[in-house]
Protein chains: 2
Amino acid sequence: MLRSPHVTPLGDSFHVYDTTLRDGAQREGISYSVTDKLAVARLLDSLGVGFIEGGWPGALPKDTEFFARVAAGEVALKHAQLVAFGSTRRAGVKVTEDPQVKALLDSQAPVVTLVAKSDRRHVERALRTDVAENCAMVRDTVRHLVEEGRRVFLDAEHFFDGYAFDPDTSLRVLESAVEGGADVVVLCDTNGGQLPLGLSETVADVIARTGFRVGIHCQDDTSCAVANTIAAVQAGATHVQCTANGYGERAGNADLFAVVGNLVTKLGLQVLPHESLAELTRVSHALAEIANIAPDTHQAYVGSSAFAHKAGLHASAIKVDPELYNHIDPDTVGNDMRVLVTEMAGRASLELKGRELGIDLTRRPEALTNVVRKVKELEAGGWSFEAADASLELLLKAELSELDELPFRLESYRVVLDHRPDGAVVSEATVKVHASGERVIATAEGNGPVHALDAALRKALLPHLSWLDAVKLNDYKVRILAGTRSTSAEHGTDAVTRVLVESTDGEQEWTTVGVHGNIVEASWLALCDALAHKAMRVSPSRA
Amino acid sequence: MLRSPHVTPLGDSFHVYDTTLRDGAQREGISYSVTDKLAVARLLDSLGVGFIEGGWPGALPKDTEFFARVAAGEVALKHAQLVAFGSTRRAGVKVTEDPQVKALLDSQAPVVTLVAKSDRRHVERALRTDVAENCAMVRDTVRHLVEEGRRVFLDAEHFFDGYAFDPDTSLRVLESAVEGGADVVVLCDTNGGQLPLGLSETVADVIARTGFRVGIHCQDDTSCAVANTIAAVQAGATHVQCTANGYGERAGNADLFAVVGNLVTKLGLQVLPHESLAELTRVSHALAEIANIAPDTHQAYVGSSAFAHKAGLHASAIKVDPELYNHIDPDTVGNDMRVLVTEMAGRASLELKGRELGIDLTRRPEALTNVVRKVKELEAGGWSFEAADASLELLLKAELSELDELPFRLESYRVVLDHRPDGAVVSEATVKVHASGERVIATAEGNGPVHALDAALRKALLPHLSWLDAVKLNDYKVRILAGTRSTSAEHGTDAVTRVLVESTDGEQEWTTVGVHGNIVEASWLALCDALAHKAMRVSPSRA
């Protein structure tokens, strides 16, 4: 059986309990492999959460395998205790003869969280038994597991609705668990319909009436899961169940990162090892990667936009006093402040942006004026540098005459797209470029026009640019600018197209932008900027 | 000047105030055109919000144009009053001589929301003036606008931090506004650092000390913007500022749909016209479309997963007793319950969709099974019929054998794109089609490959389809499906592309979808569906 010491500053007095691997996996679109689950457990453990609920052994084969592989030593948990989730014995069955309960013991997890009905209507209508038998099921199962050396928590399902409907029945379920030896009763807002004020009254009431150690488990159906969790803590709960990035069924669960961020930075509760807080952003993104879900750019604390400022109004003051405009120092949670350059911003935000890119514009007021004018002109034409730092950097350096020439010059390109009579669709591109004093012609095919063009350009330049092979396209985004519709209402296809290209050389990532009436030309401009930016890095400017 | 009656059940006693067009536009990645802004205003008005903040006239040219076009009658607001957002007069300047204040009047908006510093540190460090002058700026500007016949609200920026630091200064700012004639003082959590308990105490305290009508404006940096807004209402606020889908700077603002959902279904406050609640989901998705942001599938109330249950623990119980498992009836907010992994839900929603399109599928269970399978296959490959009813209708009718043949058949097409040595970019398309028993070849140029293809197809078919001339493309949207990256990580440009085409014949509008690895072929598929749909309408099916 696995045992590991508590190392959070608050020890066992406050539990950060993660259920990404069980409740998080119920999110539409998530399907963890066992390998994924092991990786998630390692990351959560590295963060220092107290408990990792790994799944439901016996009910789901993948979960059974996960527990077996952890028990076999594939994950050495340093901080967290592993938790198996399961149900009480079935009605009318002896606990020692219930295979589902046996599977919980077989998982070798040192902690078991049992889910039980705590709303009388669910007991009668879904479970089709009575309150007394439901309580016996809870008491028997907890006692059996405790006698087998497990620590047991009770998840009281639909607690808040049940307590509002018939508080005595709901309390009897909690009492049965504690009689059996459970040491935390977790009040679950299973429907997610609670609001903080009412929820915190119920939590305080239950604590006052029972004296039990109370935990909280919130779903996000009112968009209040994080707030409800915090409200429960303020009402006396000392155990919070969360999921990474709020993954979970329906609208999701309380987001681990926002809950921890709030508990530490707002309530001053050191619920994680001190050094973990600065890891929140990295771990959040890594867990999104494993779940194969694009990180939520606007997520509190850890989103890439969480400390991004766009308003010109704010930008000038941010320059002077960043702490006036951020609720916390972004470094605290491993995030960055960014200033977005848009039509809304002026000199101040471009100056700040320059500083971020290592370009001092304060000494060059006339260049700054030119860049501001240029950016405004381009943005009026549909360009956007907000997400395309690399293109903005090229523009700034060009304006400061700190840019070397591009390592190639385009003469022309041609893209031919055929939908053949047999139904096959083929794209072919030919580029004619000048590089290292030579004229090069290259032709390549691709899945689409832009892919073909990219392939042909690479073919032409590879012999001339040693670094090109390492540069790959990570992502490609297209936006048709509807605003231009008004000027050419006749044809939707005749609008201006903005393309964003994210590139990587295996070490760094950078984003460039291209805008044109023709989507292929817009893509070409973004591709050229991507290569120009890499070239600039390879052979630094002459400044 | 525009005036419109209040029609919400609560009249003027409770304000739902939307700032999507101002604060929402600060979200990283949003860039509304004036046309977009007009469309957003129409949708918000149709929902029945009380106030629509349109932007900052004078500060942003697009916003100035937006107000001018509303004043010129391009949007006839039925429910909402239009609000211009702006700043107080500058320090040391007479209010009548401040061009920014003049721009607010010139906007002709009947309501003006003025933003003012209410944190002494911001007054001194960012504004570089003193508290007395700051209060005079507020009082003078409000009074001037009120004398000119405007209703004025005050946005007290950074109020909560300011009140914690120096409550008297913060209150003096509110008092100055009310002395000038403001009738709502809006407490803004500008940094977004508040939690519900502390925030509601401050709101209650301010109301007790001043007796003023208080509004609330929350940012989502602690993931509590919705909860904070609700907590403020429970503490006495009667004016809530929100944005559609929570769009806004950094982590965003309080989501209009969750706030309204909570106020109506949880607190019983009828803050919107009764019939509007069932429109929340539709309007939320339409506003995401205009912002060109993929709808958040897990958004509370309106997300496509908000009432989706993964089959498991209680699948059969959900079928029998759905109200036990959802916090509200999804129909209330125009959403659907879905049970994932079972085929039942797919059938039910397609049956419903069929009914919506006038196709009775209940009598055709085997056809329904085929359609469900087909839709699932296509959606797994990146197709989406959520916004493309016309394509779905074609698919349903084809499956029911109720579809006439297309009025044309493609043999092949070729698109050639030239970036010439002189820099000119030219697109040319040739189509070979069969129509009315003839083989037709036509070539046309266009601004881009899709435009050229559309032009060539029209040229070929115009002599054969009398109705074609009336059919125009209204809108064209492209989404690169990032999910497919994992299978072809080498090239971002090699992903699957989904194209949505909205067409009109001057009377009706319809949307079609095409998906392919090649953007031009995806567009072709959507264009063909657009014409097929019109053809079906012109010569109705033989059913």
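Because the structure is a prediction, the values reported are computed rather than measured.

Trainee: Which parts of the structure should I look at to understand the overall build of chain A?
Mentor: Check the secondary structure of chain A and you find 17 helices and 16 strands. Principal axes of the C-alpha set define a box for chain A whose edges measure 85 × 60 × 50 Å. Of the contacts formed within chain A by residues at least 6 apart in sequence, a portion of 68% connects residues at least 24 apart.

Trainee: I would appreciate a short explanation of the interface of chain B and chain A in the present structure.
Mentor: Counting residues at the interface gives 100 residues for chain B and 102 residues for chain A. Broken down by element, the side of chain B that touches chain A gets its largest block of residues, nine residues, from strand S11 (residues 408-419) of chain B. Within the side of chain B that touches chain A, the residues separate by chemical class into 39 nonpolar, 37 polar and 24 charged. Sheet topology note: the strand S11 (residues 409-419) of chain A/S11(B) ladder contains seven bridges and is antiparallel. Paired with A:Tyr413 across the bridge in S11(B) is B:His419.

Trainee: Would you mind showing me how to read the UniProt feature "domain: Pyruvate carboxyltransferase" (unreviewed entry) in chain A here?
Mentor: Following the UniProt record, one finds the feature "domain: Pyruvate carboxyltransferase" (unreviewed entry) at residues 14-284 of chain A. For residues 14-284 of chain A, helix accounts for 43% and strand for 17%, while the C-alpha atoms at its two ends are 22 Å apart.

Trainee: Honestly, unusual backbone geometry in this entry has me stumped. Any pointers?
Mentor: It is generally the case that most residues other than glycine have a negative phi and that most peptide bonds are trans. The phi dihedral of A:Ser223 is positive, around 65°, even though this residue is not glycine. Relative to the helices and strands, A:Ser223 is located in the loop between strand S7 (214-218) and helix H9 (225-234). Phi angles above zero are rare outside glycine, and B:His158 is one such case at about 55°. When you line up the elements, B:His158 lands in the loop between strand S5 (151-157) and helix H6 (159-165).

Trainee: Mind showing me how you'd approach the sheet that holds strand S1 (residues 15-18) of chain A here?
Mentor: Hydrogen bonds between backbone atoms are what pair the strands of a sheet, whose relative direction is either parallel or antiparallel. Residues and elements named next belong to chain A. Ordered in space as S1-S2-S3-S4-S5-S6-S7-S8, the eight strands form a closed barrel in which the pairing is parallel. Across this sheet, the average inter-strand angle for adjacent strands is 25°, counted without regard to direction. Where strand S4 (residues 111-117) and strand S5 (residues 151-157) come together, seven bridges link them in parallel fashion. Residue pairing for S5: Val115 is matched across the bridge by Asp155. Against the sheet, helix H2 (residues 61-71) contacts strand S2 (51-55) and strand S3 (81-87), and its axis sits at roughly 130° relative to S2. Contacting strand S6 (184-189), S7 and strand S8 (239-242), H9 crosses the sheet at an angle of about 170° to S7.

Trainee: Hey, could you run me through helix H15 (residues 389-399) of chain A in this one?
Mentor: For an α-helix, the turn length of 3.6 residues means that residues three or four places apart are oriented alike. All names here are of chain A. Counting buried positions along H15 gives nine out of 11 residues, so the element sits mostly inside the fold. Buried within H15 we find Asp389, Ala390, Ser391, Leu392, Glu393, Leu394, Leu395, Leu396 and Glu399. Tucked into the core, H15 has its buried residues touching helix H13 (347-356), helix H14 (365-380), strand S16 (509-516) and helix H17 (519-538). Phi turns positive, to about 55°, at Ser401, one or two residues after H15.

Trainee: So what exactly am I meant to see when it comes to the sheet that holds strand S13 (residues 438-446) of chain A here?
Mentor: Strand order in the open sheet made by the six strands is S13(A)-S12(A)-S11(A)-S11(B)-S12(B)-S13(B), with antiparallel pairing throughout. Among the strands making up the open sheet, the edge pair consists of S13 of chain A together with strand S13 (438-446) of chain B. Between one strand axis and the next, the sheet turns through 10° on average, direction left out of account.

Trainee: Honestly, the pairing of strand S15 (residues 496-504) of chain A in this entry has me stumped. Any pointers?
Mentor: On a regular strand, one side chain projects to one face of the sheet and the next to the other, so that they alternate. Residue and element names in this part refer to chain A. Summarising burial for S15: eight of the nine residues are buried, a large majority. Sheet analysis places strand S14 (residues 472-481) next to S15, joined by nine bridges and oriented antiparallel. Residue Tyr476 lies in a different strand from S15, and its bridge partner there is Val501. Strand direction decides the pairing type here: S15 and S16, joined by eight bridges, are antiparallel. Within the sheet, the bridge partner assigned to Arg498 lies in S16 and is Val515.

Trainee: Is there a simple way to explain the nonpolar core in this structure?
Mentor: Within soluble globular proteins, side chains that are nonpolar generally end up buried alongside one another. Counting 200 residues, the largest nonpolar core has A:Leu154, B:Leu154, B:Val185 and B:Leu187 as its most contacted members. Not counting residues up to four positions away in its chain, the partners in contact with A:Leu154 are A:Leu114, A:Ala116, A:Val138, A:Val142, A:Leu174, A:Ala177, A:Ala182, A:Val185 and A:Val186. Ranked by size, the runner-up nonpolar core spans 101 residues in total, among them A:Ala456, A:Ala460, B:Ala460 and B:Val520.

Trainee: Sorry if this is basic, but what is going on with the pairing of S5(B) here?
Mentor: Residues and elements named next belong to chain B. Of all the seven residues making up S5, six are buried; the element is thus mostly covered by neighbouring parts of the structure. When S5 meets strand S6 (residues 184-189), the two strands line up parallel, connected through four bridges. Paired with Phe153 across the two strands is Val184, which belongs to S6.

Trainee: What is the right way to look at the packing of helix H1 (residues 34-47) of chain A against H2(A) in this model?
Mentor: Two numbers describe a pair of packed helices, the interaxial angle and the distance between the axes. Residue and element names in this part refer to chain A. At a closest axis distance of 9 Å, the pairing of H1 and H2 adopts a crossing angle of 50°. It follows from the interaxial angle that H1 and H2 lie oblique. Along this stretch, H1 crosses H2, giving a crossing that reads as right-handed. Packed against H1, whose contacting residues are Val34, Lys37, Leu38 and Ala41, the element H2 presents Lys62, Glu65, Phe66, Arg69 and Val70 at the interface.

Trainee: Which parts of the structure should I look at to understand the packing of helix H16 (residues 449-461) of chain A against H17(A)?
Mentor: Residue and element names in this part refer to chain A. The N-to-C vectors of H16 and H17 enclose an angle of 40°; their axes lie 10 Å apart at closest approach. It follows that H16 is oblique to H17 by the angle criterion. In this structure, H16 crosses over H17, and the sense of that crossing is right-handed. From H16, Pro449, Val450, Leu453, Asp454 and Leu457 reach across to H17, where they touch Val520, Ser523, Trp524 and Leu527. Residues that form the contact of H16 with H17 fall into these classes: seven nonpolar, one polar and one charged.

Trainee: Sorry, what's going on with H17(A) here?
Mentor: Between its first and last C-alpha, H17(A) extends 29 Å over 20 residues, near the 28 Å set by a 1.5 Å rise per residue. The buried fraction of H17(A) is high, at 15 of 20 residues.

Trainee: Honestly, the environment of B:Arg22 in this entry has me stumped. Any pointers?
Mentor: Residue and element names in this part refer to chain B. Its location among the elements puts Arg22 in the loop between strand S1 (15-18) and helix H1 (34-47). Judged by local crowding, Arg22 falls into the buried class, with 24 C-beta atoms found within 10 Å. Separated by 15 residues in the primary sequence, Arg22 and Lys37 place their C-alpha atoms 9.9 Å from one another. Setting aside anything within four residues of it in sequence, one finds Arg22 in contact with Glu53, Gly55, Trp56 and Phe85.

Trainee: Help me out: how do you make sense of the confidence of the model for chain A in this one?
Mentor: Parts of the model with low pLDDT should not have their predicted coordinates read in detail. Residue and element names in this part refer to chain A. Counting all residues, the mean pLDDT for chain A is 88, and 92% of those residues have values of 70 or more. In the predicted structure, residues 1-6 sits below a pLDDT of 50 and forms 17 contacts with residues beyond four places in sequence or in another chain. Every residue in residues 483-493 scores below 50 in pLDDT, and together they form 30 contacts with partners more than four places removed in sequence or on other chains.

Trainee: Please clarify how the environment of A:Asn245 should be interpreted in this entry.
Mentor: Of note, A:Asn245 is situated in the loop between S8 and helix H10 (256-265). Each C-alpha atom, one on A:Asn245 and one on A:Ser284, is 6.5 Å from the other, the two residues being 39 residues apart in sequence.

Trainee: Teacher, can you tell me more about the environment of A:Arg139 here?
Mentor: Residues and elements named next belong to chain A. Looking at where Arg139 falls in the secondary structure, it is placed in helix H5 (residues 131-147). Along the sequence, Arg139 and Leu104 sit 35 residues apart, while their C-alpha atoms lie 16 Å from each other. Residues contacting Arg139, with those up to four places away along its chain left out, are Ser176, Glu179 and Gly180.

The rules behind these values
- Per chain, the residues get numbers from 1 upward, laid out in the order the sequence is written.
- In the order they appear in the text, chains get letters beginning with A and ligands get numbers beginning with 1.
- Local features in this predicted model are restricted to residues whose pLDDT is 70 or higher, and side-chain atom pairs enter the listing and the counts only when it is 80 or higher, whereas totals over whole chains, interfaces and linings include all residues.
- By definition, any uninterrupted DSSP run of H or I lasting at least four residues is a helix, any uninterrupted run of E lasting at least two residues is a strand, and each is numbered from the N terminus.
- Residues are scored as being in contact if the C-beta atoms we place from backbone atoms lie within 7 Å.
- All residues other than Ala, Val, Leu, Ile, Met, Phe, Trp, Tyr, Cys, Pro, Asp, Glu, Lys and Arg, Gly among them, are scored as polar; the first ten of these are nonpolar and the last four charged.
- Here, a strand pair is defined by DSSP locating no fewer than two bridges between the strands.
- UniProt positions are given in the numbering used here, feature names are shortened, and annotations may be inferred rather than shown by experiment.
- Helix axes are fitted only over the stretch in contact, all axes being lines through C-alpha atoms; the angle between N-to-C directions runs from 0 to 180 degrees.
- With C-beta atoms placed from the backbone, a residue is buried if 20 or more other C-beta atoms are within 10 Å of its own, exposed if 12 or fewer are, and partly exposed between those counts.
- Only buried residues count toward a nonpolar core: Ala, Val, Leu, Ile, Met, Phe, Trp, Tyr and Cys, linked into one set through C-beta atoms within 7 Å.
- Orientation is classified from the angle alone, with under 35 degrees giving roughly parallel, over 145 giving roughly antiparallel, 65 to 115 giving roughly perpendicular, and any other angle giving oblique.
- Crossing handedness: left-handed means the near helix sits turned counterclockwise from the far one by under a right angle, and right-handed means the same turn made clockwise.
- For a helix, the expected span equals 1.5 Å multiplied by the residue count minus one.
- Known as pLDDT, the predictor's confidence for each residue is given on a scale from 0 to 100.

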